[in-house]
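A structural walkthrough
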Amino acid sequence: MRVTTNSLYSKFIYDQQTTYTNLNKVTDQLSTGMKISKMSDNAKIFTDTLRLDNESTTLTQVVNTSKTAQNFTNNTDTTMNDMMTTLTSFKTTLLQSASAVNNGTSDTALADELDGLKKHLQELANTSIDGKFLFSGTAFKTKPIDDAGNYNGNDKHIKAKLGSLVEQEYNIDGATLFQGIDKDYSKHIETNVKHFDALKANPEFVVQKNGKYYIDKNIKEDNQTVATDDNPTQVSLSSDSEIRQLTGVNDIYNSATDSYSDGTSHFYIKGRKPTGETFSEKFSLTNGAKIDDLLSKIGEAFGNNAVTKAVDVSMNQFGQISIKDATTGKMVTDFSMVASDTDENNIDDIVKNGDYAVSFTKSNFPPLRDLSKISAHNKNFDNSLFNLDSEFRTIDKEEFAKPTDKVHNVLSTTISSINLSGTDTNGNNVNTTVNIGNNTTMQDIMDAVKNNFGDVDVSLDNGKLSIKDNTIDKNEKSNLSFTMDANSPVFARMDGLTDDKTEFKVDGRKLTSNVAQIDKNTQLPATEDSELIDVSGKDNIDGKKLDINYTDKDGNIKEATITLRDTPDINGHLSTFTVDGNTYDIFDNKGEKTPIHDVTTTTQELDPQTCELCNKTHTTKGISYKQVDNVIGMLMSGQIPANNDFTSYKNAVSVSQKDVTVGLQAGKLFIEDKNNSVTKMKFEMNDTDTDSYDGNSPVFTFNSNNALTVDEPKVDIFHQLDTIIQSVREGKMRADGDSDDPRNAGIENGIELIDHIFNHVNKNHTKIGSISKSLEHTQQRNETLVTHVQTLKSDVIDVDMAEASMKLQKLQLNYQAMLATISKVNGLSLVNYMR
């Protein structure tokens, strides 16, 4: 085959260009350090490089995100470490106050120190970094804790995206930290009235027969001799003490046999089991029974039996009864108790008939005036002193009445007379009427007693009316008896006998209840959307009524009733409220009448698209707390629907909200006057079965003279610290129902509470530490992965410089040789071919 000059030239040009291209490629690789500079150089390398670049970017973002999150958690961890140190100092100071014999000055100093620690804790709670509050959830710009100790953030968590479908929460929200719930804690409640051995406290009424001690309050009348000449002393009770030592109920003397038999103490108890079920019952124990028998009976009411234990019931050295859930995580346990020497239908009858009564809880809540008649008794350990178990307070300010106060401002503006009856100190019958005018004072009533009942003194101290028979000694029998009758409900039970018939606490413009509404299923505080049935102490409450006694924003005193129904009455009503003799349906926001439970109905309807019959379901929700709040708002604002229809109802609710706000805060009902800094409003709402002890227990409680909560699963740190500080400031070691602050649990119970708070914060501190460590590991792991990906990318895209240099040298030599060859070929002439 003949190779032409043109062919040879073309071959030379091709080789030159190819070599030149390869030479440039290697030169570019050496200059850039990469195998390719564009996708056309090598599509596979380009694709692999992009993939690895993306992985590297993602991993780097994770590293940066985890660093940011870890910085946040580290700041949180440091702050919470300071919190733990502060709480440790708080407990140390609290223990000092518990162990020291302090005077008023040192109590104040220790309380001030504790208050300073609490304020420092608030400052830590409000820590912000880079303009973000650490403990406000996702509400970074909201200061978590206000000066009153309320939490204002949210309960949301900040999340760091640490990969595909991988997120890490990295904050402790304030709702959890400051107001969270510890499911591993049990609720602990305790009565607050102190009781000591009645025999040791009243030795002048103690006799001994056949080696046994009895109480005889008529010891002189019965010609008996006291068992001892000891002075009265306060001696602690124990579970092995006898019931007579706790209640002081009189024993029974038989003059024919000159012998004694045990008197009987009757107990009226009510409460709520850990399951949420309510109970009320009464039972009797002989005076010779043991306090341990009483504790067992209380436990049985809560559900204790031979197989299971619902609660642990005990009594401390002050005669206060302690009840603690046997299971953890429950929030609803409640209890109250009254004892008497008489078996009555209810506590109202004890007061009406002047029976001897023993209180176990006191609260100093303003009581409901709902009794028409009250009688005095002298069944304490002073036969000359007669007491009325009724409390007299002024209507306008709810202060203890004084002799100079007008009767119309103590009892009611509607009464025109009061009948006084009984027997005087000589045993003569008395029946007299005191006419009540605008200027009649309590002193006028007291004077009428003094003028008609013999040689007596009458006093009114701390709201309690007492009559002293001056004709006898304390251990003699009196002829005096005394009853007041107003023919209308104007008298109130005394503190300690009030149960649920108490008014909400008034603080400026706001009224607040003391009993949280707890959902018995979730054990969480009820919200506006919660249904009443979820809080109710029983499931079947068809026909249940709630009685409301209130003073509206304009000072008008009124009554109303809410009736709950699942079954329509003869007029088609479901749940309703009644005021001023008119009944109104309670509507939901769709305009439907409201049952107690959710009601689902199924109907057959024609489908407009398929023209076939199909089943349609419709659910009417049970009555909610929001609907009850709306009713309360209408009552308190005086905005009652013009007609019983949805339009009028909706308009009344809307207008009422301009004057009054009603809602739930931590499960507790509150009513706020929006127009007055000091409100005229008062409010009391109770289950109509609150006085029932025949099995029909009340299923709702809103404000109650109940046992104090010592501890429970839920914490509310700053408000709880405030109560502890107040205990120290008052020098109060234990709860004391007879003090000015009867619902403060005292220093010793405060120690139990601070331990819970400490453990709660420590638990969250440990959690944030764990999150921080996890983020650190994530950061380190992803930094390692970034290095690994970079290495892989280097293997894919980076040039082996030594290999490329050798290749460059080889290509350069080849290129130079090729150029030399081409030069020689180009230099050939015809002569060369002719040779």
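The paragraphs below set out a description of the structure included in this document. (Residues numbered from 1 in each chain as written. Predicted model: local features only at pLDDT ≥ 70, side-chain atom pairs only at ≥ 80, totals over all residues. Heavy atoms only, no water.)

Below, the discussion takes up the overall build of the chain. On a plain count of helices and strands, the chain comes out with 15 helices and 36 strands. Here the chain holds 835 residues, and the buried ones make up 49% of them. Considering only residue pairs separated by 6 or more positions, the chain has 66% of its internal contacts joining residues 24 or more positions apart. For the chain, the exposed area adds up to about 38,900 Å²; of that, 47% sits on carbon and sulfur atoms. (Helix = DSSP H or I, 4+ residues; strand = E, 2+ residues; numbered from the N terminus. Buried < 20%, exposed > 50% of the residue type's maximum accessible area, 1.4 Å probe, protein only. Contact = heavy atoms within 4.5 Å. Areas by Shrake-Rupley, 256 points an atom, 1.4 Å probe, with all protein chains shown as cover.)

In this section: the sheet that holds strand β14 (residues 334–340). With antiparallel pairing, the 4 strands of this open sheet are ordered in space as β11-β10-β14-β15. Only two strands of the sheet have a single partner each, and these edge strands are β11 (278–286) and β15 (357–359). Geometrically, the sheet is characterised by an average inter-axis angle of 20° between neighbouring strands, direction not taken into account. Two elements, strand β10 (residues 264–272) and β14, share 7 bridges in a ladder whose sense is antiparallel. Bridge assignment links Arg 272 to a residue of β14, and that residue is Asp 334. (Pairing = 2+ DSSP bridges. Axes fitted to C-alpha atoms, helices over the stretch in contact; angles between N-to-C directions.)

The subject of this paragraph is the sheet that holds strand β36 (residues 708–711). Sheet strands pair by backbone hydrogen bonding; their relative direction is either parallel or antiparallel. The 4 strands lie next to each other as β12-β13-β5-β36, forming an open sheet whose pairing is antiparallel. The sheet is open, and its two edges are formed by β12 (311–315) and β36, each paired on a single side. The mean angle between the axes of side-by-side strands here comes to 25°, regardless of whether they run parallel or antiparallel. Where strand β5 (residues 188–190) and strand β13 (residues 321–325) come together, 3 bridges link them in antiparallel fashion. Counterpart to His 188 in the pairing with β13 is Lys 324. Packed onto the sheet, helix α7 (residues 291–302) meets β12 and β13 and runs at close to 155° relative to β12.

Once that is clear, we can look at the environment of Asn 287. Within the fold, Asn 287 resides in the loop between β11 and α7. Look at Asn 287 and you get buried, because its relative accessible area is 0%. Sequence separation between Asn 287 and Glu 242 is 45 residues, and the spatial gap between their C-alpha atoms is 6.5 Å. Beyond its immediate sequence surroundings of up to four residues, Asn 287 is in contact with Glu 242, Ile 243, Arg 244, Thr 247, Val 249, Asn 250, Asp 251, Asp 262, Gly 263, Thr 264 and Ser 265. Here the side chain of Asn 287 touches Ser 265 through a polar contact of 3.1 Å, side chain to side chain. (Polar contact = N/O pair within 3.5 Å; in protein donor to acceptor, adjacent residues only side chain to side chain.)

This next bit is on the packing of aromatic side chains. Counted according to the given criterion, the structure contains 18 aromatic pairs. Ring centres 5.0 Å apart and planes at 50° place the aromatic pair Tyr 253 and Tyr 260 in the tilted group. Here the two residues Tyr 253 and Tyr 260 agree in accessibility, since each one is buried. Relative to Phe 283, the ring of Phe 267 lies with its centre 5.6 Å away and its plane at 25°, an arrangement referred to as stacked. One end of the pair, Phe 267, is in strand β10; the other, Phe 283, is in strand β11, with 16 residues separating them in the sequence. Classification of Phe 267 as buried rests on a relative accessible area of 0%. A connected cluster of aromatic rings, assembled from ring pairs, spans Phe 135, Tyr 151, Phe 178 and Phe 718. (Phe/Tyr/Trp six-rings, centres within 6.5 Å; stacked < 30°, edge-to-face > 60°.)

Once that is clear, we can look at the environment of Thr 278. Assignment of secondary structure puts Thr 278 in strand β11. Sequence separation between Thr 278 and Gly 695 is 417 residues, and the spatial gap between their C-alpha atoms is 9.9 Å. Side chain to side chain, Thr 278 and Ser 697 meet in a polar contact 3.2 Å long. A polar atom in the side chain of Thr 278 sits 3.0 Å from the backbone oxygen of Pro 698.

Right, let's get into the environment of Lys 362. Along the polypeptide, Lys 362 turns up in the loop between β15 and β16 (369–371). Residue classification places Lys 362 among the buried positions, given a relative accessible area of 15%. Separated by 379 residues in the primary sequence, Lys 362 and Asp 741 place their C-alpha atoms 9.8 Å from one another. Dropping the residues within four chain positions of it, Lys 362 is found in contact with Asn 192, Val 193, Asp 495, Gly 496, Asn 705, Gly 737, Asp 738, Pro 742 and Arg 743. A polar side-chain atom of Lys 362 sits 2.6 Å from a polar atom in the side chain of Asp 738.

This part takes up helix α10 (residues 625–637). For α10, spanning 13 residues, the distance from its first C-alpha to its last is 18 Å, which sits close to the expected 18 Å at 1.5 Å a residue. Burial runs high along α10: 12 of the 13 residues are buried. When α10 is considered as a whole, its buried residues turn out to be Tyr 625, Gln 627, Val 628, Asp 629, Asn 630, Val 631, Ile 632, Gly 633, Met 634, Leu 635, Met 636 and Ser 637. Once α10 finishes, Gly 638 follows within two positions and takes phi at roughly 75°, a positive value. (Expected span 1.5 Å × (residues − 1).)

One finds Phe 392, Leu 411, Ile 418, Leu 420, Phe 482, Met 484 and Phe 491 to be the most contacted residues of the largest nonpolar core, which totals 42 residues. The element that contributes the greatest number of residues to this core is helix α9 (residues 442–452), accounting for 5 residues. Sequence-distant contacts of Ile 418, defined by excluding residues within four places in its chain, comprise Leu 411, Thr 432, Thr 433, Val 434, Ile 436, Ile 445, Met 484, Asp 485 and Ala 486. (Core = buried A, V, L, I, M, F, W, Y, C linked by side-chain atoms within 4.5 Å.)

Close contact between α10 and helix α11 (residues 646–656) brings their axes to 9 Å; oriented N to C, the two are set at 70°. Taken together, the axes of α10 and α11 are roughly perpendicular relative to one another. Together, Gln 627, Asn 630, Val 631, Gly 633, Met 634 and Ser 637 of α10 and Tyr 649, Ala 652, Val 653 and Ser 656 of α11 make up the contact between the two elements. Considered class by class, the residues forming the contact of α10 with α11 number 5 nonpolar, 5 polar and no charged. (Parallel < 35°, antiparallel > 145°, perpendicular 65-115°, else oblique. Nonpolar A, V, L, I, M, F, W, Y, C, P; charged D, E, K, R; others polar.)

Turning next to α11. When α11 is considered as a whole, its buried residues turn out to be Ser 648, Tyr 649, Ala 652, Val 653 and Ser 656. Seen from one end, α11 has its buried residues packed into an arc of 135°, which puts them on one side. In this fold, the buried residues of α11 make contact with β29 (576–579), β30 (582–585), α10 and β33 (660–665). The N-cap residue of α11 is Asp 645: its side-chain oxygen and the backbone nitrogen of Thr 647 are 3.2 Å apart. (Arc of directions from axis to C-beta.)

Inspection of the secondary structure assignment puts Thr 576 in strand β29. Among the polar contacts made by the side chain of Thr 576, one reaches the side chain of Arg 565 at a distance of 3.4 Å. Not counting the four nearest positions on each side in its chain, Thr 576 is found in contact with Thr 561, Ile 562, Thr 563, Arg 565, Thr 583, Tyr 584, Asp 585 and Ile 586.

Among the structural elements, Lys 270 can be located in strand β10. Exposure remark for Lys 270: the relative accessible area of 4% places this residue in the buried category. With residues near it in sequence (within four places) discarded, Lys 270 still touches Phe 279, Ser 280, Asp 334, Phe 335, Ser 336, Asp 499, Asp 500, Thr 690, Asp 691, Tyr 693 and Pro 698.

For the coordinates displayed, the defined rule picks out 44 salt bridges. Among the salt bridges present, the one from Arg 244 reaches Asp 262, with a minimum N-O distance of 2.5 Å. Separated by 18 residues along the polypeptide, Arg 244 in helix α6 (residues 243–247) and Asp 262 in the loop between β9 (259–261) and β10 bring together distant segments of the chain. With a closest N to O distance of 2.5 Å, Lys 501 and Asp 691 form a salt bridge. One end of the pair, Lys 501, is in the loop between β24 (491–492) and β25 (505–507); the other, Asp 691, is in the loop between β35 (682–687) and β36, with 190 residues separating them in the sequence. Judged by relative accessible area, Lys 501 falls into the buried class, the value being 9%. (Salt bridge = Lys/Arg side-chain N within 4 Å of Asp/Glu carboxyl O.)

Right, let's get into the pairing of strand β23 (residues 481–485). Bridge count between strand β17 (residues 373–377) and β23: 3 bridges; the pairing is antiparallel. Looking across to β23, one finds that Ile 374 is bridged to Met 484. Across 5 bridges, strand β19 (residues 417–423) lies against β23 in antiparallel orientation. Each bridged residue has a counterpart across the sheet, and for Ser 421 the counterpart in β23 is Thr 483.

Positive phi values are uncommon outside glycine, yet Asn 364 reaches one of about 60°. Note on placement: Asn 364 falls in the loop between β15 and β16. Located in the positive-phi region is Asn 462, a residue other than glycine, with phi close to 50°. Along the chain, the position of Asn 462 falls in the loop between β21 (456–461) and β22 (464–469). For Asn 462, a relative accessible area of 54% puts it in the exposed group.

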